[in-house]
Amino acid sequence: MQNLRQNTRKNRILVKFSGEALSGKNIFGIEIDILRYIAEEIKLLVDNDIEVCIVIGGGNIIRGVSAAEGGIIRRTSGDYMGMLATVINAVAMQEALEHFGVDVRVQSAIEIQEICETYIYRRAIRHIQKGRVVIFAAGTGNPFFTTDTAATLRAIEINADVILKATKVDGVYNKDPNKFDDAIRLDKLSYDQALKDNIKVMDDTAIALAKDNNLPIIVCNMFKPRNLLDIIKYQKGVYSIVKN
Ligand code: GTP
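Residues numbered from 1 in each chain as written. Predicted model: local features only at pLDDT ≥ 70, side-chain atom pairs only at ≥ 80, totals over all residues. Heavy atoms only, no water.

Engineer: Looking at this structure, how should I read helix 9 (residues 227-234)?
Structural biologist: Turn by turn, an α-helix covers 3.6 residues, leaving residues three or four places apart pointing in a common direction. Within helix 9, 6 of the 8 residues are buried, which leaves the element mostly enclosed by the surrounding structure. Considered for burial, the residues of helix 9 that qualify are Asn 227, Leu 228, Leu 229, Asp 230, Ile 231 and Ile 232. On its buried face, helix 9 sits against strand 1 (12-17), helix 2 (32-47), strand 6 (162-167) and strand 10 (217-221). Where helix 9 terminates, the next one or two residues include Gln 235, which has phi positive at roughly 50°. (Buried < 20%, exposed > 50% of the residue type's maximum accessible area, 1.4 Å probe, protein only. Helix = DSSP H or I, 4+ residues; strand = E, 2+ residues; numbered from the N terminus. Contact = heavy atoms within 4.5 Å.)

Here it is, written out as C-alpha cells:
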C-alpha cells in the first residue's frame, strides 16, 4: 500500500473537542473569546510544524439524543440536526483560524457544498500536506454515531499519530474531578480496560475503533495555555493515555 506520509516526518494529529467547550460560560452558542483562544492554541501547533486536523462536537447548539428526548423528534432526525450543528462550529473555527493567518479547509461528511467542501479522503490528505488545517464536520455523516467516533475514524483515515481529546480536565478520572475531591486520575490505561471498566474517555464504538487500529488517545486539558503544544512537541503534560 502506498504510504501517503512517505515524504514527511512531521507529527500529524487530530484534535477533538466538544461543542460545549465553545459556549464558554454560557450554555448555548459560541463565545468569541473561546473561539479565539482555541484558534491561537491550534496556530501554535501549526507554527511548530505539526500537521493538525480538527473535529468539533455540536453540543453547544443541539445534541441528537437530547433533541429526541421529548418524543417528538426522532433520534435519526435529531442526530442529523446535531451534524448540522457541527458544521456551524466548524465554519466558526475556520473563520477564527483564518483570522490568525492559518490556512484551513472545512470538509463535511454531508454534502453542503455552498458552505464547505465535501469530505474526500485524498483531498484532505493533500490539504494536510500543503500545511493546511482540515476541520472535519458533520460527524461520520450517519446518525447513531458520535463525533468521538467520527474523530477516531478520520484520525485513522489520515494516519494521525494520535488523537488528542481536549477536555476541561487534564486526564481521565474514575469520577468527575470537578465534583469529587477524591477522584483519582488514571494515567495509563489499555483500550480493554477503558471498555471493561466503562471509563468514558470516549464512547465504546470510538474506543473499539481506536483499539482495532492502534490509535493512541490522549486526554488533555484544552484550557491550559500551550498544553497541546507541550504534549505533542515536548511530551510534557501527558497524563492520561489510552493505548495497548
Ligand atoms: P488546491 O487545490 O490545493 O489549490 O486547494 P484549494 O482548496 O485552495 O483549491 P480549490 O480551488 O479547490 O478551493 C478554493 C477555495 O474554495 C477553498 O477555500 C475551498 O475550501 C473552497 N471550496 C472548494 N470546494 C468547495 C466546495 O465544494 N464548496 C465550498 N463551499 N467551498 C469549496
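Engineer: Looking at this model, I keep getting lost on the environment of Ala 210. Mind explaining?
Structural biologist: By secondary structure assignment, the location of Ala 210 is in helix 8 (residues 204-212). Put simply, Ala 210 and Ile 62 are 148 residues apart on the chain and 26 Å apart in space, counted from C-alpha to C-alpha. Apart from the residues lying within four places of it in its own chain, the contact partners of Ala 210 are Thr 152, Tyr 191, Leu 215 and Ile 217.

Engineer: Is there a simple way to think about the pattern of salt bridges in this case?
Structural biologist: Pairs may arise between side chains of opposite charge once their charged atoms sit close together. For the structure on display, the rule yields 21 salt bridges. Between Glu 20 and Arg 63 there is a salt bridge whose closest N-O contact spans 2.5 Å. Here the residue Glu 20 occupies a position in helix 1 (residues 19-23), and Arg 63 occupies one in the loop between strand 2 (51-56) and helix 3 (64-67), the gap between them amounting to 43 residues. Here Glu 20 falls in the partly exposed class, since its relative accessible area comes to 27%. Assessed through its relative accessible area of 43%, Arg 63 is described here as partly exposed. Linking Asp 47 and Lys 43 is a salt bridge whose minimum nitrogen-to-oxygen distance equals 3.3 Å. (Salt bridge = Lys/Arg side-chain N within 4 Å of Asp/Glu carboxyl O.)

Engineer: Help me understand helix 6 (residues 147-157) in this model?
Structural biologist: Of all 11 residues in helix 6, 8 are buried; the element is thus mostly enclosed. Within helix 6, burial applies to Thr 147, Asp 148, Thr 149, Ala 150, Ala 151, Thr 152, Arg 154 and Ala 155. Elements that come into contact with the buried residues of helix 6 comprise strand 1, strand 2, helix 4 (75-99), strand 5 (133-137), strand 6 and helix 8. Regarding helix 6, its N-cap is Thr 146, as a side-chain oxygen of that residue lies 3.3 Å from the backbone nitrogen of Asp 148 further along. Asn 159 occupies a position one or two residues after helix 6 and carries a positive phi of about 65°. (Polar contact = N/O pair within 3.5 Å; in protein donor to acceptor, adjacent residues only side chain to side chain.)

The values are spatial; any link to function lies outside them.
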